[in-house]
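An overview of the molecular structure
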Amino acid sequence: MSTLNERKVRVRFAPSPTGPLHIGGVRTALYNYLFARQHGGSLIFRIEDTDSTRFVPGAEEYILESFRWLGIEFDEGVSFGGDHGPYRQSERRDIYKKYVRQLLDAGRAYIAFDTPDELNAKREAVPNFQYDAHTRMQMRNSLTLGADETRRLIDEGQQYVVRFLVEPGEEIHVDDLIRGDVKVMSDILDDKVLYKSADQLPTYHLANIVDDHLMEVTHVIRGEEWLPSAPLHVLLYRAFGWADTMPRFAHLPLLLKPDGKGKLSKRDGDRLGFPVFPLEWHGQDGTVCSGYRESGYLPEAVINFLALLGWNPGTDEELLSMDQLIEKFDLAKCSKSGAKFDYVKGQWFNREYIQRAPDALLAPTLDAILRSEGIAQPIERVEAVVGMMKMKKINFIKELWPLCDFFFIAPTYSMDDKFVRKNWKEGAAAQMRRLADILAGLDTFDVEHQRQAVDAWAAADGIKPWNAWRVCLVGTGKGPDMYELAAFLGKDETLRRMQAALDALPQV
Ligand code: GLU
């Protein structure tokens, strides 16, 4: 990509630990990861926890566990180490103070004492009130009170905030790798709060800019919801004198509801029955949010699905491994418009990945279901069933149980079953007695030996005994190839089921 600057690529994923990570955040992290890997760069994991009122215990661990499950790896950051730390913003207070002071000394920021009540009163009195060039001289701040009074109030212990001084009449350009040149007039911006004396912490904007600078971030790849903050961020970089090393921006398209009407929300997931979080989340208030992992998705399927929400390789290719995604990903090919969250497509990806996954990887999921049904089997046998059955059109391994119960539980037989009625016809009982004799005579009961013996008999007699045989072993019309099934059951169980069917069904 020719637009990359010379510096080594360094990107970051910087969540605020306010709860479980939304699937849109996972996509943001994924795009950062793909971009970093493609350019031989680094991906940083930074925790933006300067808003202590929104802190949720357990969120940080949840986020880390999500990425471990998904195979998104970080190079630096909280829990990974690195030489640009600490990576948790609440541990960087002293660093930010220095930069707040720098802006104050340069006259790019000022101190404001307006209390929440005063601000509310102003908002009520003035329609569309905004703290900016037009109003700041009517407020209680260091610009109106003067240096001595400001000092006095601070010494007296009054709480204050530091606001950024935005000059009106300036055209700000946000150079976005996806959206191009986004122009905004500075007049629409307010004098954002950068720091609060009450908790001695900066707000998101200041901490975000200072950290991106100090951590030598080259590209800020984040959700579209942060685009409105970008002009302010550009001004902050300039105010600090960091314009030369300002990161390139890329604001990713929103994830939309499946019908495209509005932003994807947790409620859509609840309503339509799909997760919007990577892992199950247990809130402190007892709420449980379903997760992709617990719902039976393979991480590779989730990655592939998410990668194509807002980006595509420009071809019809859909099934792409992480390595292929790293090779093909291109920020310039991301769409500007929102991406519909087609969760049915997500299920399709899971089906495709299940079919391609090693049986040994899938078996534990089926094994857990079997155990909950009171069936304990050696894992190799569970693996064998997965191997025979995963090609059936299932989206999730849990759908296998009703399709494969007969492997483990001997069937009951009834002429009420449509398949039985259709296939237990004249001659069936006699054929099955003969087939049982042939099978009983086999020394080796594998697929090949059965095939040779049974195919020869069927061809010689001009009959097709397979469906009646399926009635005997399955009790209805489901299941894999008969030889595979019989080989799995073994000779004794196969003959036992055939006898049981002959005993239970009419002697047609
Ligand atoms: N802390 C912000 C978040 O929660 C980070 C936004 C950004 O990447 O600048 O997503």
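Residues numbered from 1 in each chain as written. Predicted model: local features only at pLDDT ≥ 70, side-chain atom pairs only at ≥ 80, totals over all residues. Heavy atoms only, no water.

Before going further, it helps to examine the site of the ligand. Near the ligand you find Arg-12, Ala-14, Pro-15, Ser-16, Glu-48, Tyr-204, Asn-208, Arg-222 and Trp-226, and these make up its full shell. Measuring from an oxygen atom of the ligand, one finds a side-chain N or O atom of Arg-222 at 2.8 Å. For the ligand, the protein covers 85% of the area, taking 300 Å² as the surface of the free molecule. For the shell around the ligand, the class distribution of residues is 4 nonpolar, 2 polar and 3 charged. (Near = heavy atom within 4 Å. Polar contact = N/O pair within 3.5 Å; in protein donor to acceptor, adjacent residues only side chain to side chain. Areas by Shrake-Rupley, 256 points an atom, 1.4 Å probe, with all protein chains shown as cover. Nonpolar A, V, L, I, M, F, W, Y, C, P; charged D, E, K, R; others polar.)

For the rest of this paragraph, the subject is the side chain of Asp-191. Looking at the secondary structure, you find Asp-191 in the loop between strand E7 (180–185) and strand E8 (193–196). Accessibility expressed as a relative area gives 0% for Asp-191, which makes it buried. In this structure the side chain of Asp-191 is engaged in a polar contact, spanning 2.6 Å, whose partner is the side chain of Arg-136. Leaving out residues up to four positions away in the same chain, Asp-191 has contacts with Tyr-110, Tyr-131, Asp-132, Arg-136, Arg-163, Phe-164, Leu-165 and Val-166. (Helix = DSSP H or I, 4+ residues; strand = E, 2+ residues; numbered from the N terminus. Buried < 20%, exposed > 50% of the residue type's maximum accessible area, 1.4 Å probe, protein only. Contact = heavy atoms within 4.5 Å.)

With antiparallel pairing, the 4 strands of this open sheet are ordered in space as E4-E5-E8-E9. Each end of this open sheet is capped by a strand with a single partner; those strands are strand E4 (109–112) and strand E9 (201–202). Pairing of strand E5 (residues 161–164) with E8 involves 3 bridges; the strand directions are antiparallel. From the neighbouring strand, Val-161 faces E8, where its bridge partner is Lys-196. Sheet strands in contact with helix H3 (residues 93–105) are E4, E5, E8 and E9, and its direction is about 105° off that of E4. (Pairing = 2+ DSSP bridges. Axes fitted to C-alpha atoms, helices over the stretch in contact; angles between N-to-C directions.)

Moving on: the nonpolar core. Judged by nonpolar contacts, the single largest core of 154 residues is most densely connected at Ile-72, Leu-331, Phe-341, Phe-407, Trp-424, Trp-469 and Leu-473. Counting 8 residues, the second largest nonpolar core, distinct from the first, contains Tyr-110, Leu-119, Tyr-131 and Val-161. (Core = buried A, V, L, I, M, F, W, Y, C linked by side-chain atoms within 4.5 Å.)

Here we come to H3. Taking 1.5 Å per residue as the helical rise, H3 with its 13 residues ought to reach 18 Å, and the 19 Å between its terminal C-alpha atoms agrees with that figure. Those residues of H3 that are buried lie in contact with E4, E5, E8, E9, helix H7 (204–214) and helix H8 (230–240). Phi for Gly-107, located one or two positions after H3, is positive at around 75°. (Expected span 1.5 Å × (residues − 1).)

What follows concerns the packing of aromatic side chains. The geometry of an aromatic ring pair comes down to the distance between the two centres and the angle between the two planes. Evaluated as defined, the whole model comprises 28 aromatic pairs. Aromatic side chains Tyr-62 and Trp-281 sit 5.2 Å apart centroid to centroid with 85° between the ring planes, which places their arrangement in the edge-to-face category. A residue pair is termed long-range when its members are at least 10 positions apart, and Tyr-62 in helix H2 (residues 59–70) and Trp-281 in strand E13 (residues 281–282) qualify at 219 residues. Judged by its relative accessible area of 6%, Tyr-62 falls in the buried class. One aromatic cluster is present, built from ring pairs that chain together Phe-274, Phe-305, Phe-341, Tyr-343, Trp-348 and Phe-349. One Lys or Arg, Lys-398, reaches over the ring of Phe-396 and ends 4.9 Å from the middle of that ring. (Phe/Tyr/Trp six-rings, centres within 6.5 Å; stacked < 30°, edge-to-face > 60°. Lys NZ or Arg CZ within 6 Å of the ring centre and 35° of its normal.)

Moving on, we come to the packing of helix H1 (residues 23–38) against helix H10 (residues 299–307). H10 packs onto H1 with a crossing angle of 85° between their chain directions and a minimal axis gap of 10 Å. Taken together, the axis directions place H1 and H10 in an arrangement best described as roughly perpendicular. Along its contact with H1, which presents Ile-23, Val-26, Arg-27, Leu-30 and Tyr-31, the element H10 presents Ile-303, Leu-306 and Ala-307. Class assignment of the residues belonging to the contact of H1 with H10 gives a composition of 7 nonpolar, no polar and 1 charged. (Parallel < 35°, antiparallel > 145°, perpendicular 65-115°, else oblique.)

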